[in-house]
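# Descriptive structure summary
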Amino acid sequence: MTYAHVQPGGNPGISVDGLTAPPHGITRQATYYGFERPEIYKAISELAAADDGFDFGIDVGWTATTNNNPPKRYRWARTWYPRRGRTTDESGLVFVKGGQGASILSYDWPEDGTASATEVSSLGAGTGEAKLSAVVQDTDRLASGWPLLEAVTSYDAVVDQAQLTGLANSELTAREQAQVQPTFEVSADTDPAFGSHSVGDEALFIIDPEPIPPADRSGVLRIVGIENTAAAGPERVRLTCVGV
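Residues numbered from 1 in each chain as written. Predicted model: local features only at pLDDT ≥ 70, side-chain atom pairs only at ≥ 80, totals over all residues. Heavy atoms only, no water.

Looking now at the overall build of the protein chain. For the protein chain, the helix and strand inventory stands at five helices and 13 strands. In terms of overall dimensions, the protein chain has a C-alpha envelope of 65 × 65 × 30 Å along the principal axes. When each of the 244 residues of the protein chain is scored for burial, the buried share is 30%. Within the protein chain, contacts between residues separated by at least 24 positions form 65% of all contacts whose residues are at least 6 apart in sequence. The protein chain carries 18 positive and 32 negative side-chain charges, and their two centres are separated by 8 Å. (Helix = DSSP H or I, 4+ residues; strand = E, 2+ residues; numbered from the N terminus. Buried < 20%, exposed > 50% of the residue type's maximum accessible area, 1.4 Å probe, protein only. Contact = heavy atoms within 4.5 Å. Lys, Arg positive; Asp, Glu negative; His and termini not counted. Charge placed at Lys NZ, Arg CZ, Asp CG, Glu CD.)

Dropping the structure here:
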């Protein structure tokens, strides 16, 4: 990010001053060649996605008004290790649709199994036969009768075999189940009220039996997006979630 900032017109005003937390004992080694024109965001994502990775994001807001000075917009780069937000045991968040005290007004809970994989091949730096590679399999699912479902990922900037294997393992874990990204529209005033949850928190979502599927569904999901949809009528919040 510091490299990007010093390029002409490359500084979007994101402060990296907060990225000075004590080390957590996880090291990464990566080489980036200028002639390959690596994408900054992709490079950070690859470092974060490997085994024992971290969460990262940009906090955007306004500073407080002090000494008659007007507030200023801030953009702070932040990281969290081992993860952002709270687990369900820590948060105690439960959203329910149906029954007394229901907080979910409407929802969309799709599943996509086309990206599932039982074998992942990850390709790293290099060319031809010298190209770095790592292949990992879900041996338990294959032994239980699952077919060989292959996926290939590319990490051109990775030169370390251990890091590439970690990325492959992380990708395999992410593809173990169908991809889930449900959305829920919840009441801002019903428990859990707006402000009691934040991006990164896990919560239990419960759908009481309904005449159309999914009927009587529940699951722990992670909140990755919060959007206030205040308009005419009661205030509402849209939660975007992913599987845990």
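From this point, the discussion proceeds with the structure in view.
Here we take up the nonpolar core. If you look at the biggest cluster of nonpolar residues, it comprises 17 residues, and the most contacted ones within it are F95, I104, W109, F184, F205 and L239. Looking at this core, the elements with two or more residues in it are β4 (104-108), β10 (183-187), β11 (202-207), β12 (217-228) and β13 (236-243). When residues no more than four places from it in sequence are discounted, the contact partners of F95 are S103, I104, V186, P192, H197, A203, L204, F205, I206 and L239. The next biggest cluster of nonpolar side chains, apart from the first, holds 13 residues, and it includes A134, V136, Y155 and L172. (Core = buried A, V, L, I, M, F, W, Y, C linked by side-chain atoms within 4.5 Å.)

Our next topic: unusual backbone geometry. Cis geometry is found at the peptide bond from Y81 to P82, where omega equals 0°. Structurally, the position occupied by P82 is in the loop between β2 (73-80) and α3 (88-91). Between D191 and the following residue, P192, the backbone shows a cis peptide bond with an omega angle of 0°. In this fold, P192 is placed in the loop between β10 and β11. For N67, which is not glycine, the phi torsion reads 50° and is therefore positive. In this model, N68 sits at a positive phi of 65°, which is unusual for a non-glycine residue. With respect to the helices and strands, the residue N68 is situated in the loop between β1 (55-62) and β2. Given the relative accessible area of 79%, N68 is considered exposed.

Let's shift gears to helix α5 (residues 161-174). End to end, α5 covers 20 Å across 14 residues, agreeing with the expected 20 Å (1.5 Å per residue, within 8%). Among the residues of α5, those classed as buried are Q163, L164, G166, L167, A168, E171 and L172. Residues of α5 that are buried in the fold lie against α2 (40-49), β6 (119-123), β7 (133-137) and β8 (150-154). Two or three places before A162, at the opening of α5, D160 has a side-chain oxygen 3.3 Å from that residue's backbone nitrogen. (Expected span 1.5 Å × (residues − 1). Polar contact = N/O pair within 3.5 Å; in protein donor to acceptor, adjacent residues only side chain to side chain.)

Scanning the model with the defined rule gives eight aromatic pairs in all. Plain terms: the ring middles of Y107 and F184 are 6.5 Å apart, the flat faces sit at 25° to each other, and that makes the pair stacked. Linking Y107 in strand β4 with F184 in strand β10, this pair joins segments that are 77 residues apart in sequence. For F184, a relative accessible area of 1% translates into the label buried. A network of ring pairs unites the aromatic residues F95, Y107, W109, F184 and F205 as a single cluster. The positively charged end of R141 is found above the aromatic ring belonging to W146, 4.4 Å away from the centroid. (Phe/Tyr/Trp six-rings, centres within 6.5 Å; stacked < 30°, edge-to-face > 60°. Lys NZ or Arg CZ within 6 Å of the ring centre and 35° of its normal.)

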